[in-house]
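The residues making up each chain are set out below.
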Amino acid sequence: MRKPLIAGNWKMNKTEAEAISLVRKLIQGVKSQTSVDVLLCPPFTSLSQLHKLLVSSPILLGAQNISEQKAGAYTGEISAEMAGEFCSHVLLGHSERRAIFHESDELINQKIQSALSVDLIPVLCVGELLEERESGEAANVISRQLQAGLKGIHLPDPEKLVIAYEPIWAIGSGKSASADDTGSLIGGVIRPTLAGIWGDDTSQKIRVLYGGSVNPGNARGFFSQSEIDGALVGGASLSADKFLGIIEQTF
Ligand code: 13P
């Protein structure tokens, strides 16, 4: 009932020329198939050109961040409205933004409100540190990030939000979480928390992705879990072969 979504977070990688070359290969690989949604989140600098390149492709574009402010004297920032000119989605609350740029749950909440106000779909990232997992705190941390990040958010359509569960220790480490543990965590913590906010029906319709060292070799294990609706891919999304290899695992 939930359509798979495979998203690539390019982080701070690819010049515009490199981005165009990668996207040309992805357009060829994805063609017009629509059984899985494919989302690319390149740096802001490539969005305009990639938007033009993707007009007749089903591949979607997302931003990696937006400002919580609407417009004005915020040097270096990009507003939701600006990102919305090119994008359908925006990554928010990524652990790198939380840790390196000190983004709080409150700020992430404001950014989610800004995104929804211009019809950009937030991909809210949540996940625990290794110490939190080892001390049995993972469920509390994730539930808190969801409740604080989504506080007061009116969500008329469950398709207007995506959750990405990315355990921080699995990001870029080559050590992915186990598919079984991830399925249980989504079914036992993430969906019940979403149900507590908007009810069971909505919680069953929101797509929840896994992220953290996903590659073509381990992707199928995740996608075979009924609770996991796709992947948010970092490193492997920088290679057309690897990213297409992950998409193929959903078929
Ligand atoms: P890796 O796939 O490189 O572990 O990165 C995951 C991630 O942070 C995606 O947002």
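Below is a short write-up of the structure. (Residues numbered from 1 in each chain as written. Predicted model: local features only at pLDDT ≥ 70, side-chain atom pairs only at ≥ 80, totals over all residues. Heavy atoms only, no water.)

Looking at the sheet that holds strand E8 (residues 230–233)
Basically, it comes down to this: The criterion for strand pairing is that DSSP finds at least two bridges linking the strands in question. For the purposes of this entry, the term helix denotes a DSSP run of H or I that reaches at least four residues, the term strand denotes a run of E that reaches at least two, and both are numbered from the N terminus. Think of each axis as a best-fit line through the C-alpha atoms, taken over the contacting stretch in the case of a helix, with angles from 0 to 180 degrees between the N-to-C directions.
Read once around its circumference, the closed barrel built from eight strands follows the order E1-E2-E3-E4-E5-E6-E7-E8, with strand pairing classed as parallel. With strand direction ignored, the average angle separating the axes of adjacent strands in the sheet is 25°. Strand direction decides the pairing type here: strand E4 (residues 89–92) and strand E5 (residues 121–126), joined by four bridges, are parallel. Bridge pairing in E5 places Leu 91 opposite Val 123.

Here's the deal with empty space enclosed by the protein
Rules: Every definition here rests on a 1 Å grid over the protein atoms only: cavities are sets of points where a 1.4 Å probe fits but cannot get out, pockets are open sets enclosed by protein on both sides within 12 Å along at least five of seven lines, and lining residues have some atom within 4 Å of a point. Grid points are joined across faces, edges and corners, and a volume is the space filled by probe spheres set on the points.
One pass over the full model with this rule turns up one cavity of 30 Å³ or more. A volume near 40 Å³ is recorded for the largest cavity. Lining the largest cavity, in full, are Gly 93, His 94, Ser 95, Arg 98, Cys 125, Val 126, Gly 127, Gln 145, Glu 166, Ile 168 and Ile 171. Contributions of two or more residues to the lining of the largest cavity are made by helix H4 (95–100) and E5.

Digging into the pattern of salt bridges
As a reminder, the rule being used: The term salt bridge refers to a pairing of a side-chain nitrogen on Lys or Arg with a carboxyl oxygen on Asp or Glu at a separation within 4 Å.
Per the stated rule, a full pass over the model turns up 15 salt bridges. With its nearest N and O atoms 2.9 Å apart, the salt bridge here joins Glu 103 to Arg 97.

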